[in-house]
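Given next are the chains, with one letter for each unit.
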Amino acid sequence: MWNYAFIDGQNLHLGVMADWWDIDLNKFMIYLKNKYHVTNAFYYIGFQDPQNNNLYNTIQNAWFTLIFKQQTVQALSNKKWNIDSDMIFWAMKCLIKESSNFENILLVTWDGDFKILVDFLIQEWRFEKILLPNRRWSSNLLRKMPGVYWNYLYNVKHKIKS
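A few points on the structure. (Residues numbered from 1 in each chain as written. Predicted model: local features only at pLDDT ≥ 70, side-chain atom pairs only at ≥ 80, totals over all residues. Heavy atoms only, no water.)

### Re the pairing of strand E3 (residues 65–68)
Strand residues, when the strand is regular, have side chains that alternate between the two faces of the sheet.
Stage number 1. Pairing geometry for strand E2 (residues 38–45) and E3, over four bridges, is parallel. Within E3, the position partnered with Tyr43 by the bridge is Leu66.
Stage number 2. One crossover worth recording links E2 to the parallel E3 by way of helix H3 (residues 53–61), and it is right-handed. (Pairing = 2+ DSSP bridges. Helix = DSSP H or I, 4+ residues; strand = E, 2+ residues; numbered from the N terminus. Right-handed = clockwise from strand over helix to strand, strands pointing away.)

Next up, the structure:
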């Protein structure tokens, strides 16, 4: 069984920082591979800023596929990098085009906008788990699901912190 992971980079970063710890992306990738058999992990970020090239290198050196949201000049000044629709689109695209290359999808986010995708994946028997980066900010829609479908990253902090 091989799985794909779709990671909301902003939720991951802000979520663990709000709980006063920092994630080691190399340890996190090893955890995803060992625990959830992840072969491809797609790490979504709002936009590409040359000032953050060290961060992008760190993400890619930990074997994540880095994906930037396409932005217009007007959106760049807004600073809201809503990547939810991009993640949902690419997850569905993988289900359609690459379904024989993997078993299930794992998500890393706290956003309730993903509930519709999660429900569909569960219905299709293609859902692995959702990892919630932060207890306080995690959507009630996701936390109301049976516990078998989600876990807090804080619970595995000892394995993935820097």
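### Focus: the nonpolar core
Stage number 1. Formed by 27 residues in total, the largest nonpolar core has its most connected members in Leu12, Phe28, Leu32 and Phe64.
Stage number 2. When residues of this core are traced back to their parent elements, those giving at least two are strand E1 (3–8), helix H1 (9–18), helix H2 (25–36), E2, H3 and strand E4 (104–108).
Stage number 3. The element contributing the most residues to this core is H2, with six residues.
Stage number 4. Here Leu32 is in contact with Ile7, His37, Val38, Phe64, Leu106 and Leu131, once residues within four sequence places are set aside.
Stage number 5. Counting 24 residues, the second-largest nonpolar core is a separate cluster that includes Tyr44, Leu132, Leu142 and Tyr152. (Core = buried A, V, L, I, M, F, W, Y, C linked by side-chain atoms within 4.5 Å. Buried < 20%, exposed > 50% of the residue type's maximum accessible area, 1.4 Å probe, protein only. Contact = heavy atoms within 4.5 Å.)

### Brief notes about unusual backbone geometry
Stage number 1. Even without being a glycine, His37 presents a positive backbone phi close to 55°.
Stage number 2. Its location among the elements puts His37 in the loop between H2 and E2.
Stage number 3. You can call His37 partly exposed: its relative accessible area is 32%.
Stage number 4. Located in the positive-phi region is Trp125, a residue other than glycine, with phi close to 60°.
Stage number 5. For Trp125, a relative accessible area of 75% corresponds to the exposed category.

### What about the packing of aromatic side chains?
Stage number 1. Applying the stated rule across the entire model yields twelve aromatic pairs.
Stage number 2. With a centroid separation of 5.1 Å and an interplanar angle of 75°, the aromatic rings of Trp150 and Tyr152 are classed as edge-to-face. Across the pair, Tyr152 and Trp150 agree in class, each one buried.
Stage number 3. These aromatic residues form a ring-pair network of at least three members: Tyr4, Phe6, Phe42, Tyr44 and Phe102. (Phe/Tyr/Trp six-rings, centres within 6.5 Å; stacked < 30°, edge-to-face > 60°.)

### A short note on helix H6 (residues 115–123)
Stage number 1. Of all the residues in H6, the buried ones are Lys115, Leu117, Val118 and Leu121. End-on, the buried residues of H6 take up no more than an arc of 160°, which puts them together on one face. Opposite its buried face, H6 presents the exposed residues Ile116 and Gln123, each directed more than 90 degrees away.
Stage number 2. Buried residues along H6 sit against helix H5 (84–97), E4, strand E5 (127–132) and helix H7 (140–143). (Arc of directions from axis to C-beta.)

### With respect to H1
Stage number 1. Restricting attention to buried positions, one finds in H1 the residues Gly9, Asn11, Leu12, Gly15, Val16 and Ala18.
Stage number 2. As for H1, its buried residues are in contact with E1, H2, E2 and E4.
Stage number 3. Between the side-chain oxygen of the N-cap and the backbone nitrogen of Gln10 there are 3.2 Å, and the N-cap of H1 in question is Asp8.
Stage number 4. Just beyond H1, the residue with positive phi is Trp20, at close to 65°. (Polar contact = N/O pair within 3.5 Å; in protein donor to acceptor, adjacent residues only side chain to side chain.)

### Regarding the layout of surface pockets
Stage number 1. The space that makes up the largest pocket amounts to roughly 440 Å³.
Stage number 2. Around the largest pocket sit 20 residues that line it, and Gly9, Gln10, His13, Ile45 and Leu55 are the ones nearest its centre.
Stage number 3. No other element matches the six residues that H1 contributes to the lining of the largest pocket.
Stage number 4. Partitioning the lining of the largest pocket into residue classes produces twelve nonpolar, six polar and two charged. (1 Å grid on protein atoms, 1.4 Å probe; cavity = no way out; pocket = protein on both sides within 12 Å on 5 of 7 lines; lining within 4 Å. Points joined across faces, edges and corners; volume = space filled by probe spheres on them. Nonpolar A, V, L, I, M, F, W, Y, C, P; charged D, E, K, R; others polar.)

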